[in-house]
2 protein chains.
Amino acid sequence: MPFIEPKVLKGFRDFLPLQELTRRSMIEKIENSFRSFGFVPIDTPALEYAEILLGKGGGETEKQIYRFTDQGGRDVALRFDLTVPFARFTAEHRAGLILPFKRYHIAKVWRGENTQRGRYREFTQCDFDIVGSDSVAADFEILLIMYKTLHILCNDFTENNNITGSNTISIRINHRGLFNRFLASLDIGEKSAEILRQVDKLAKTGRDAVQEQIEQIIGKDKSNKILDYISLGQNDGFDTVLEKLKEAAGEDNDIEHLRKLRSFMKDAGVADSFFLDPSITRGLDYYTGIVYETFLNKLPAIGSVCSGGRYDNLTGVYSKEQVPGVGSSIGLDRLQAALEELGQINQHCGYADAAIICTEAENAGKAQKAAECFRKQGISCEVFFESKKITQQFMLAEKKGIPWVIIPDYGTERFTLRNIGSREDRENIDLEEAVSLIKQ
Amino acid sequence: MPFIEPKVLKGFRDFLPLQELTRRSMIEKIENSFRSFGFVPIDTPALEYAEILLGKGGGETEKQIYRFTDQGGRDVALRFDLTVPFARFTAEHRAGLILPFKRYHIAKVWRGENTQRGRYREFTQCDFDIVGSDSVAADFEILLIMYKTLHILCNDFTENNNITGSNTISIRINHRGLFNRFLASLDIGEKSAEILRQVDKLAKTGRDAVQEQIEQIIGKDKSNKILDYISLGQNDGFDTVLEKLKEAAGEDNDIEHLRKLRSFMKDAGVADSFFLDPSITRGLDYYTGIVYETFLNKLPAIGSVCSGGRYDNLTGVYSKEQVPGVGSSIGLDRLQAALEELGQINQHCGYADAAIICTEAENAGKAQKAAECFRKQGISCEVFFESKKITQQFMLAEKKGIPWVIIPDYGTERFTLRNIGSREDRENIDLEEAVSLIKQ
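Parameters at a glance
- The residue numbers shown here count from 1 along each chain, following its written sequence.
- Chains carry letters from A onward and ligands carry numbers from 1 onward, assigned in written order.
- Given that this is a predicted model, residues contribute local features only at a pLDDT of at least 70 and side-chain atom pairs are listed and counted only at 80 or more, while totals for whole chains, interfaces and linings are drawn from all residues.
- Only hydrogens and water are removed before side-chain values are computed, so all heavy atoms of the structure are retained for them.
- Salt bridges are defined by distance alone: a side-chain nitrogen of Lys or Arg within 4 Å of a carboxyl oxygen of Asp or Glu.
- Going along the chain from the N terminus, every DSSP run of H or I of four or more residues is numbered as a helix, and every run of E of two or more is numbered as a strand.
- In this scheme, a residue with accessible area under 20% of its type's maximum is buried, one over 50% is exposed, and one in between is partly exposed, where area comes from a 1.4 Å probe on protein chains only.
- Residues are treated as being in contact if the distance between any of their heavy atoms lies within 4.5 Å.
- We define buried area as the total accessible area lost by two parts upon association, computed with a 1.4 Å probe and summed across both.
- Counted as a polar contact is a pair of N or O atoms within 3.5 Å, where, for protein atoms, one must be capable of donating a hydrogen and the other of accepting one, and residues adjacent in sequence contribute only when both atoms are in side chains.
- Residues are grouped as follows: Ala, Val, Leu, Ile, Met, Phe, Trp, Tyr, Cys and Pro are nonpolar; Asp, Glu, Lys and Arg are charged; all remaining types, including Gly, are polar.
- Residues reaching a pLDDT of at least 70 in both copies supply the C-alpha atoms on which the copies are superposed by least squares.
- DSSP calls a pair of strands paired once it identifies at least 2 bridges connecting them.
- By nonpolar core is meant a set of buried Ala, Val, Leu, Ile, Met, Phe, Trp, Tyr and Cys residues that side-chain atoms within 4.5 Å join together.
- Scored between 0 and 100, pLDDT is the confidence that the predictor attaches to each residue.

1. Digging into the pattern of salt bridges
Now for step 1: As enumerated under the stated definition, the model contains 64 salt bridges over all chains in all.
Now for step 2: Between B:Asp139 and B:Arg310 there is a salt bridge whose closest N-O contact spans 2.7 Å. Remark: B:Arg310 occurs in strand S10 (residues 306-311) and B:Asp139 occurs in helix H5 (residues 136-153); sequence separation between them is 171 residues.
Now for step 3: Judged by relative accessible area, B:Asp139 falls into the buried class, the value being 0%.
Now for step 4: B:Arg310 gets classed as buried once you look at its relative accessible area, which sits at 6%.
Now for step 5: Connected through salt bridges with shared partners, the residues A:Asp14, B:Glu48, B:Arg88 and B:Glu92 form a single ionic network.

2. Some thoughts on the interface of chain A and chain B
Now for step 1: Each partner contributes to the interface: chain A provides 106 residues, whereas chain B provides 106 residues.
Now for step 2: Each partner contributes to the roughly 9,300 Å² buried at the junction of chain A and chain B, and carbon and sulfur atoms together form 62% of this total.
Now for step 3: Across the pair B:Glu382 and A:Lys102 runs a salt bridge, and its minimum N-O distance is 3.2 Å.
Now for step 4: If you look at where chain A meets chain B, you find 34 residue pairs in polar contact (both at pLDDT 80 or more).
Now for step 5: Of the residues in the side of chain A that touches chain B, the class split is 53 nonpolar, 18 polar and 35 charged.

3. Focus on the relation of the copies chain A and chain B
Now for step 1: Of the two same-sequence chains, chain A is brought onto chain B (RMSD 0.1 Å, axial shift 0.0 Å) by a rotation of 180°. What we have between these two chains is a two-fold relation. Judged by C-alpha distance, A:Phe68 is the residue of chain A that lies nearest the rotation axis, at 3.1 Å.
Now for step 2: Of the residues that chain A buries at the interface, 100% are likewise interface residues in chain B, meaning the two copies contact each other through the same surface.

4. Focus: the side chain of A:Ser328
All names here are of chain A.
Now for step 1: Within the secondary structure layout, Ser-328 lies in strand S11 (residues 325-331).
Now for step 2: A polar contact of 3.2 Å, which involves the side chain of Ser-328, links it to the backbone oxygen of Ser-307.
Now for step 3: With near-sequence residues (within four places) excluded, Ser-328 lies in contact with Cys-126, Asp-127, Phe-128, Asp-129, Ile-142, Met-146, Tyr-292, Cys-306, Ser-307 and Gly-308.

5. What to know about the sheet that holds strand S8 (residues 274-276) of chain B
Residue and element names in this part refer to chain B.
Now for step 1: The sheet built from 8 strands is open, its strands ordered S1-S5-S6-S11-S10-S9-S7-S8 with mixed pairing. Two strands close off the open sheet at either side, each with one partner strand: strand S1 (40-41) and S8.
Now for step 2: Direction of pairing for strand S6 (residues 122-131) relative to strand S11 (residues 325-331): antiparallel, over a ladder of 7 bridges. Within S11, the position partnered with Cys-126 by the bridge is Ile-330.

6. Side note on helix H13 (residues 332-341) of chain B
Now for step 1: Among the residues of H13(B), those classed as buried are B:Leu332, B:Asp333, B:Leu335, B:Gln336, B:Ala338 and B:Leu339.
Now for step 2: Phi turns positive, to about 65°, at B:Gly343, one or two residues after H13(B).

7. Considering unusual backbone geometry
Glycine aside, a negative phi is what most residues show, and trans is what most peptide bonds show.
Residue and element names in this part refer to chain A.
Now for step 1: Across the junction of Leu-99 and Pro-100, the peptide omega takes the value -5°, indicating a cis bond.
Now for step 2: Despite not being glycine, Asp-187 has its phi angle at roughly 60°, a positive value.
Now for step 3: Secondary-structure assignment places Asp-187 in the loop between helix H6 (176-185) and helix H7 (192-200).
Now for step 4: The backbone of Ser-273 shows a phi angle near 75°, a positive value even though the residue is not glycine.
Now for step 5: Among the secondary structure elements, Ser-273 is positioned in the loop between helix H12 (253-268) and strand S8 (274-276).

8. Points about the environment of B:Gly250
Residues and elements named next belong to chain B.
Now for step 1: As for its placement among the helices and strands, Gly-250 is situated in the loop between helix H11 (238-249) and helix H12 (253-268).
Now for step 2: Relative accessible area serves as the criterion here: at 25%, Gly-250 is assigned to the partly exposed category.
Now for step 3: Distance in space between the C-alpha atoms of Gly-250 and Tyr-104 is 36 Å, their sequence separation being 146 residues.
Now for step 4: Contacts of Gly-250, omitting those with residues within four sequence positions, involve Arg-181, Leu-245 and Ile-255.

9. Some details on the nonpolar core
Now for step 1: Of all hydrophobic cores here, the largest spans 103 residues; its most connected members are A:Leu47, A:Phe101, B:Leu47 and B:Phe101.
Now for step 2: B:Leu47 has contacts with A:Leu9, A:Phe12, A:Tyr66, A:Leu78, B:Phe68, B:Val76, B:Ala77 and B:Leu78, leaving out every residue within four places of it along the chain.
Now for step 3: In terms of nonpolar packing, the next biggest core, distinct from the first, is built from 90 residues, A:Val136, A:Leu144, A:Ile226 and A:Leu245 among them.

10. Quick look at the confidence of the model for chain A
Now for step 1: When pLDDT is averaged across chain A, the result is 91; 94% of the residues are at 70 or more.
Now for step 2: Quick note on the complex model: pTM equals 0.94, ipTM equals 0.93.

11. Some words on the pairing of strand S5 (residues 101-110) of chain B
Residues and elements named next belong to chain B.
Now for step 1: Counting buried residues in S5 gives 10 out of 10 residues, a clear majority hidden from the surface.
Now for step 2: The two faces of S5 match: Phe-101, Arg-103, His-105, Ala-107 and Val-109 on one face and Lys-102, Tyr-104, Ile-106, Lys-108 and Trp-110 on the other face are all buried.
Now for step 3: Examined bridge by bridge, S1 and S5 share 2 bridges and lie parallel to one another. Note that in S5 the partner of Pro-41 across the bridge is Tyr-104.
Now for step 4: As judged from the 10 bridges shared by S5 and S6, these two strands associate in the antiparallel manner.

As structure tokens, this is what we get:
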């Protein structure tokens, strides 16, 4: 029988140990941040009825979704995001949920889209949403979690848990209600949705391309007005743009909403990093209130690393009860790629804190007993199996990024420690000394 | 448009917050244990070429695997275990792996099998393997990790990280080489594989059913011999059974292997909980050395919660290089069900450690600022959004299992704390006092 070539599907990836350790430490930071706000995790199946996932249906999704017929003849599909399963989850478990319900969900999703520029067919989303509240306070909490979590991931966090560096990220906010009202004033009717999608491409395709597209749809005059509107205060502060928007659109509830949001930012001491940007629209239909995207100031070209918005009716496809909510999602893969490019990631370089040398093969039981003494003190400790030359074992430790090698004397229960980096030895010390040396 | 009924596929499950918190805390314990031994995580795609996953092919797998044609016309499938992807991974990345390679992989797998008695179509496996070593020390390390991790999960662990309670689990070990040699002595040729599978059903279908099946395959005489062999020392200690096996099969390398394994157990101080059981075979073809299953002594009927064995040639389907290994897998779903049934799980009962009351809607920014003071001290702190009556907010905290409610005085920066359980208040205290009260 010939060999099968070992390879993964295009757009799919293996994660090798050091990559996976980095991913896990990022996820741990994200989870800890979410949990600190009282958000709780849920999980849903990777596979669902296609009907559930496709809902009202829709062009791009229908093309990209992995859909097939299962052994029982069911029409099933792999989830392509975490929002639709959450809508189904909320409708199904509505009676058991305590509102407002603050949940997060970190999991993989699958889209058979063209693979390019860091786009994968399997990738991880980190969603966090508050459903059952339409208050500005809920909008603000999601923004605050974005602000805090992104700062933590970018290592802009002091030992006292204070956020430093106001110049790390930019969270760019707009209000769909306001924008829709402006579009309505142009009397372009049903073409609004298409305009929204075109404006959403601004960062990707550039101003000229967007202007050309919009001109083709609604003509030069109205196109110019739209371009003027979305360019309002590109580089101005939040308050200045808010004033301009009020002038352009007139005072109303949405302006008042944004004003409150801004005052919460100031009260909480996080006014930096937030911008009001009329060009942010998010392409998706279901947003009805504020929408936002997050950019890394040192690498804006990679695109938004955390986006979301407010929606009026999460569960509309599944039940008549209206559940409003607000949420956001961190694109872990894109963020990891960006942080790696910026050298801002704490790379894991070691498999363990220490390793016990193999003196003789028959000492394997004693070696594990000695290793347990270190593990109990929170030191991860590998045990080497083969009684090769000691220099070979030092080299193995070096390859694995293990900083300390422990040579036990099973008779005296004392240890000699070799520091792999400095090549210095500390001979004949007891457990306590050895532990404190490694922990330094 | 009519509503779509919100429901999951048969055999698939949602995890609600408190269930998911429990799962995550189990996974965290498992990971910490693996990491303490110097094991490192990897990840592989959920979807692979069907050819890769099916390898040599095989009856049950082929029937159960979720397989379909993707948008690009590729024959793809969802992984049904973590061993086959690991074999592909090892063959593909062989040049970059440092041997012996100790990895773990905790992830979901999918099997379209009949759903019954706690069997699901989507479930989580926790695999840990050492490849590139054929030493007894590697076998022992896997067994030690099973021993330690299962004790940790069963809460048989003191504050000083010592394992207590030798009567929690039974790890039942056999040696496939030894068993194969015994079967060979019966001269039953190719029927050995079928006999192995029949013996594997012993715990499930009972002795009489197995005997009947085996009789039909190789007749009464040989069937009796097999039943005698697998019944050797059902309730005897490891050393006694080892002696009996030596008498029955004769001294050889496999006996010597088991003897060494036993001496390592004694040297490491973990001799309890391990049994030698000639009836353990594991159904799968690829095992060549020791095989094992783990039972909870208080609930043996639920079946093995952690099983595995030694294999000679992990990557045989993909390359000519032989890579030997040994590994095991914790069945998280079954274990969780068992521990819940035994009341041995630390149920999460709260969404957060504390909540900040909503005094007035416009205080949302200040409330978050106050909450941050607690979060910085490691206290998870929700902020309530709606300025309902204070008693309603206390009830909300109670529903969410939040033990402390914080009522801030934004003028004085002092707090009143309500203990939701005792309904006692501590009035007008400063941050430090409040933090230490909550942390108690």
